[in-house]
Amino acid sequence: MSIQLTSISKRYGTQQAVNNISFSVKKGEIVGFLGPNGAGKSTTMKILTGYIKPTAGAVLVNDIDVVMNPIEAQKQIGYLPEHNPLYLEMYVREYLQFQAGIHKVSKDAVNVVIEKVGLTIEAHKKLNQLSKGYRQRVGIAAAILHNPDVLILDEPTTGLDPNQLVEIRLLIKELGKDKTVL
């Protein structure tokens with residue numbers, strides 16, 4: 001299994017954010033994680049990425065325990081949070097080269113992801129000049145830059161116009177051919 005959650009719970013004081021959930025996702029699967037606002041979807045994704053620890057339960061990504069070995073697990077994960085954190089004064093290519101340095105991947109990988117996510121004509125622009133759809137593409141590019149096996153995308157299509165929605169869904173479908181996508 002690429003992703004395996006077993007009896008995960010998360011409490012914040014008296015607030016139960018996630019209550020005893022279990023599921024698994026295999027390599028090559030694209031899984032939509034659905035539920036109403038406040039159901040614990042984003043909290044569960046943060047637990048999966050090692051950003052927060054569960055109150056109870058076990059989390060494995062590619063058979064790596066996320067709680068015990070968060071850094072090793074994070075190397076396997078590409079994460080696009082709900083609120084895509086971008087440095088808006090940077091240029092697209094500059095931002096992705098910065099991310100490449102963090103992940104210790106070749107700067108040539110930047111050119112590959114720019115093309116893969118459809119940013120070629122926008123690569124020379126500042127992030128603050130991009131539409132929401134292109135900003136989401138930059139976030140996805142940053143998430144896949146280090147070629148992780150598992151992608152965790154928290155609301156990747158929120159706020160997109162109908163054309164952007166179709167394009168991002170097609171991109172996710174393409175990425176799902178050789179990655180696990182939640």
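Our subject is the structure listed above.
For every chain, the first residue of the written sequence is number 1, and numbering continues from 1 onward in sequence order. The predicted nature of this model means local features are confined to residues of pLDDT at least 70 and side-chain atom pairs, given and counted, to a pLDDT of 80 or more, with totals for whole chains, interfaces and linings taken over all residues. Note that water and hydrogens are dropped before the side-chain values are worked out from all heavy atoms of the structure.

Participant: Sorry, what's going on with the layout of surface pockets here?
Facilitator: Vacant regions in the atomic arrangement are exposed by a probe of water-molecule size rolled over the atoms. In this structure, the largest pocket encloses a volume near 720 Å³. Taken together, 23 residues form the lining of the largest pocket, with Ile 77, Gln 99, Ile 102, His 103 and His 146 sitting closest to its centre. Here a strand is any run of E in DSSP of at least two residues, a helix any run of H or I of at least four, and the numbering for each starts at the N terminus. Contributions of two or more residues to the lining of the largest pocket are made by α2 (70–74), β5 (77–80), α3 (92–103) and α5 (132–144). No other element matches α3, which puts five residues into the lining of the largest pocket. Taken as a whole, the second largest pocket encloses approximately 420 Å³ of empty space. Taken together, 17 residues form the lining of the second largest pocket, with Gly 32, Phe 33, Leu 153, Glu 155 and Pro 156 sitting closest to its centre. For the lining of the second largest pocket, the elements supplying multiple residues, two or more each, are α1 (41–49) and α6 (162–175). Each residue receives one of three labels: charged for Asp, Glu, Lys and Arg, nonpolar for Ala, Val, Leu, Ile, Met, Phe, Trp, Tyr, Cys and Pro, and polar for the others, Gly being one of them. Partitioned by chemical class, the residues of the lining of the second largest pocket number ten nonpolar, three polar and four charged. Of the grid points, spaced at 1 Å and generated over the protein atoms alone, those admitting a 1.4 Å probe that cannot get out make up cavities, while open sets with protein on both sides within 12 Å along at least five of seven lines make up pockets; any residue with an atom within 4 Å of a point is treated as lining. Grid points are joined across faces, edges and corners, and a volume is the space filled by probe spheres set on the points.

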